[in-house]
Amino acid sequence: MYEPKIIGFLCNWCSYRGADTAGMARLKYPPNVKIVRVPCSGRISPELVLRTFREGADGVMVLGCHIGDCHYATGNHRTAKRMPVLRNLLAYSGIDPERFYINWVSAAEGEKFATVIHQFTEKIRAMPPFSEVVG
Amino acid sequence: MSERLPALREAIRKLLPEVEGVLGLRRGPAGIVTPHLFVAERAGELDALAIWPKEPLPDVLRKILKAHPTAKLAVVCRRCEERGIVEMSKHAQIDLARVTLIGLQCTRAEAEFCRCAKPATIHARITVGKPGEGVADRVTDDFLKKDQAGRLAFWKEHFLHCIKCYGCRNVCPQCFCNVCALEDETWVETGRLPMPVPPMYHLVRAMHMTAKCVACRECEETCPTGIPLAIHFRLIARDVEEMFKYETGAAIEQSPPHFLVLEEGEYERTGLPH
């Protein structure tokens with residue numbers, strides 16, 4: 001069985017704190033997700049996600065604050081607008097859109113963070129490696 | 001096609017005294033059609049007026065208006081160019097108050113050529129020709145029937161031929177940024193051919209054309225290797241219309257979705273988790 005490489009872009013104010021909460025509660029989750037902390041999930045440009053795939057990631061996840069809770073008021077509205085378009089574009093390019101995951105995790109949702117990481121890792125693990133699929 | 005040309009010539013002749021120039025297409029001595037600014041002093045040049053092959057004029061218009069900040073111009077535009085001009089005005093590139101639109105209606109054959117869904121102009125005050133009906137985009141619909149592996153194979157085959165000449169970007173009537181992400185080494189590596197998967201150049205361009213592509217199909221026309229680039233753009237345009245109820249170049253007052261925060265009901269249509 002192969003170990004999938006997953007990159008997680010986490011917003012500093014909610015999801016990254018959510019990861020801290022999960023850690024403090026000593027919740028177990030798979031270590032496949034390499035976390036990149038960003039100031040806001042709105043910072044994640046489509047280019048960044050595409051390049052992450054180009055560099056060989058098997059899955060990419062973007063986690064941000066819930067809509068309405070953004071530290072910058074409407075930063076995650078940007079995420080909610082362009083990430084679904086990018087997801088569809090991946091599907092139109094023949095790349096499984098399931099490899100790209102967007103969700104909202106608040107600083108208090110340590111348990112949700114662990115569940116989300118767990119579910120996504122298992123989903124990616126069940127797929128063949130990205131490099132094999134694209135040849 | 002033949003009856004539209006004299007009618008357009010007449011319309012331009014009538015308009016010439018009111019404006020400083022009319023931007024249209026002219027057949028040069030060698031038979032090549034290029035953009036040309038017709039002015040009242042040289043009205044004789046109108047004899048060489050041409051309408052086909054089409055050539056995107058919005059970017060030419062933008063450059064002239066920028067160089068002459070008070071000039072009032074008229075422009076011959078098909079529906080796709082009209083969409084382009086409206087979009088550019090939304091992005092503060094063209095002042096619509098200084099532009100008179102002369103709408104040139106496309107014929108059925110021209111609409112077939114462009115696989116155009118909406119070839120009839122809607123904003124132009126003066127129109128030439130009969131508004132035509134749209135045709136279905138069979139190339140895009142056929143592509144949509146493919147499964148995931150089929151789509152990947154389809155693009156791999158096509159992008160294998162891409163020589164990264166940047167012709168599709170250069171001809172695009174909506175590419176007006178001073179700094180282009182496609183020239184940034186971070187995203188698109190110089191000299192990397194064939195395209196990596198995902199094809200950074202094409203997907204970054206497709207993302208940047210979201211809610212901007214005017215469906216003129218100039219990128220496909222200019223591509224030396226005949227890549228059906230419009231498929232990506234048109235599929236995304238359909239999604240944007242569905243998710244954000246935004247049709248490129250339709251309503252002048254409606255702001256593009258990336259200018260605004262989420263509106264009522266939009267989030268539900270994006271398919272993101274609640």
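Parameters at a glance
Residues numbered from 1 in each chain as written. Chains lettered and ligands numbered in written order. Predicted model: local features only at pLDDT ≥ 70, side-chain atom pairs only at ≥ 80, totals over all residues. Helix = DSSP H or I, 4+ residues; strand = E, 2+ residues; numbered from the N terminus. Rg over C-alpha atoms; globule rule 2.2 N^0.38 Å. Buried ≥ 20, exposed ≤ 12 C-beta atoms within 10 Å, placed from the backbone. Contact = placed C-beta atoms within 7 Å. Nonpolar A, V, L, I, M, F, W, Y, C, P; charged D, E, K, R; others polar. Pairing = 2+ DSSP bridges. Axes fitted to C-alpha atoms, helices over the stretch in contact; angles between N-to-C directions. Domains from an automatic or database assignment. Right-handed = clockwise from strand over helix to strand, strands pointing away. Left-handed = near helix turned anticlockwise from the far one by under 90°. Core = buried A, V, L, I, M, F, W, Y, C linked by C-beta atoms within 7 Å.

**Brief notes about the overall build of chain A**
For chain A, the count of helices and strands is five helices and four strands. Over its C-alpha trace chain A gives a radius of gyration of 14 Å, about what one expects of a compact globule, namely 14 Å for 135 residues. With the C-alpha coordinates of chain A rotated into their principal frame, the extents come out at 40 × 30 × 20 Å. The proportion of buried residues among the 135 residues of chain A is 53%.

**Observations regarding the overall build of chain B**
When helices and strands are tallied, chain B shows 11 helices and six strands. Expected size for 274 residues packed as a compact globule is a radius of gyration near 19 Å; at 20 Å, chain B falls within 12% of this value. Counting only C-alpha atoms and orienting by the principal axes, one finds that chain B spans roughly 60 × 45 × 35 Å. Within chain B, buried positions represent 38% of all 274 residues. Long-range contacts, defined as pairs at least 24 residues apart, comprise 65% of the intrachain contacts of chain B with a sequence gap of at least 6.

**With respect to unusual backbone geometry**
Residue and element names in this part refer to chain B. Between Trp-52 and Pro-53 the backbone carries a cis peptide bond, its omega angle lying at 0°. Tracing the backbone shows Pro-53 in the loop between strand S3 (49-50) and helix H2 (58-67). Each neighbour pair has its own omega, and for Val-197 with Pro-198 the value is -5°, a cis peptide bond.

**Structural notes on the interface of chain A and chain B**
At the interface, 24 residues of chain A touch 31 residues of chain B. Of the residues belonging to the side of chain A that touches chain B, the class tally is 13 nonpolar, six polar and five charged.

**A word on the environment of Glu-221 of chain B**
Tracing the sequence through the fold places Glu-221 of chain B in helix H9 (residues 218-222). Glu-221 of chain B sits 107 residues away from Cys-114 of chain B along the chain, and the two C-alpha atoms are 9.2 Å apart.

**Section: the sheet that holds strand S3 (residues 59-64) of chain A**
All names here are of chain A. With parallel pairing, the four strands of this open sheet are ordered in space as S2-S1-S3-S4. Edge strands, defined here as strands with exactly one partner in the open sheet, are strand S2 (33-38) and strand S4 (100-104). Strand-to-strand twist across the sheet, computed as the mean angle between neighbouring axes with direction ignored, equals 20°. Bridge analysis of strand S1 (residues 6-11) against S3 gives five bridges, and the strand direction is parallel. Opposite Ile-7, over in S3, you have Val-60 as the bridge partner.

**A few points about the pairing of S3 of chain A**
Residues and elements named next belong to chain A. Within S3, six of the six residues are buried, leaving the element largely enclosed by the surrounding structure. Burial along S3 is two-sided: the residues Gly-59, Met-61 and Leu-63 and Val-60, Val-62 and Gly-64 are all buried. Where S3 lies against S4, five bridges are found, and the strand directions are parallel. Looking at the pairing, Gly-64 lines up with Trp-104 of S4.

**Quick word on the domain arrangement of chain B**
Residue and element names in this part refer to chain B. On domain assignment, one finds that chain B holds domain 1 (4-128) and domain 2 (138-269). Using only C-alpha atoms to locate each centre, domain 1 and domain 2 end up separated by 25 Å. Across the contact, 17 residues belong to domain 1 and 16 residues belong to domain 2. Those elements that provide at least two residues to the side of domain 1 that touches domain 2 are H2 and helix H3 (79-90). Considered class by class, the residues forming the side of domain 1 that touches domain 2 number six nonpolar, three polar and eight charged.

**Regarding the pairing of S2 of chain A**
All names here are of chain A. As defined by bridge partners, S1 adjoins S2 across six bridges and the pair is classed as parallel. Residue pairing for S2: Phe-9 is matched across the bridge by Val-36. Handedness of the crossover joining S1 and S2 through helix H1 (residues 15-24): right-handed.

**Here we look at the packing of helix H3 (residues 75-92) of chain A against helix H10 (residues 230-244) of chain B**
At their nearest, the axes of H3 of chain A and H10 of chain B sit 10 Å apart, and the two run at 145° to each other. Considering only the axes of H3 of chain A and H10 of chain B, their crossing is right-handed. In contact with Pro-84, Val-85, Asn-88, Leu-89 and Tyr-92 of chain A of H3 of chain A, H10 of chain B contributes His-232, Leu-235, Ile-236, Asp-239, Val-240 and Met-243 of chain B. Grouping the constituent residues of the contact of H3 of chain A with H10 of chain B by class yields eight nonpolar, two polar and one charged.

**Description of the nonpolar core**
Core analysis: the largest hydrophobic core is formed by 79 residues, its most contacted members being Cys-11, Met-61 and Leu-89 of chain A together with Phe-233 and Val-240 of chain B. The element that contributes the greatest number of residues to this core is H10 of chain B, accounting for eight residues. No fewer than three residues from each of domain 1 (4-128) and domain 2 (138-269) of chain B sit in this core. Setting aside residues up to four positions removed in sequence, Cys-11 of chain A forms contacts with Tyr-16, Val-38, Cys-40, Ser-41, Leu-63, Gly-64 and Cys-65 of chain A. If you look at the next biggest cluster of nonpolar residues, it comprises 26 residues, including Leu-8, Leu-23, Ala-74 and Cys-77 of chain B.

**Some remarks on helix H8 (residues 200-208) of chain B**
Spacing of three or four residues puts side chains on the same side of an α-helix, whose turn is 3.6 residues. Of all nine residues that make up H8 of chain B, eight are buried, and the element is covered over most of its length. Buried within H8 of chain B we find Met-200, Tyr-201, His-202, Leu-203, Val-204, Arg-205, Ala-206 and Met-207 of chain B. Packed against the buried residues of H8 of chain B are helix H2 (46-54) and H3 of chain A together with helix H6 (148-159), helix H7 (167-171) and H10 of chain B.

**Here's the deal with the environment of Leu-96 of chain B**
Along the polypeptide, Leu-96 of chain B turns up in the loop between H3 and strand S5 (99-104). For the pair Leu-96 of chain B and Arg-27 of chain B, spaced 69 residues apart in sequence, the C-alpha separation works out to 27 Å.

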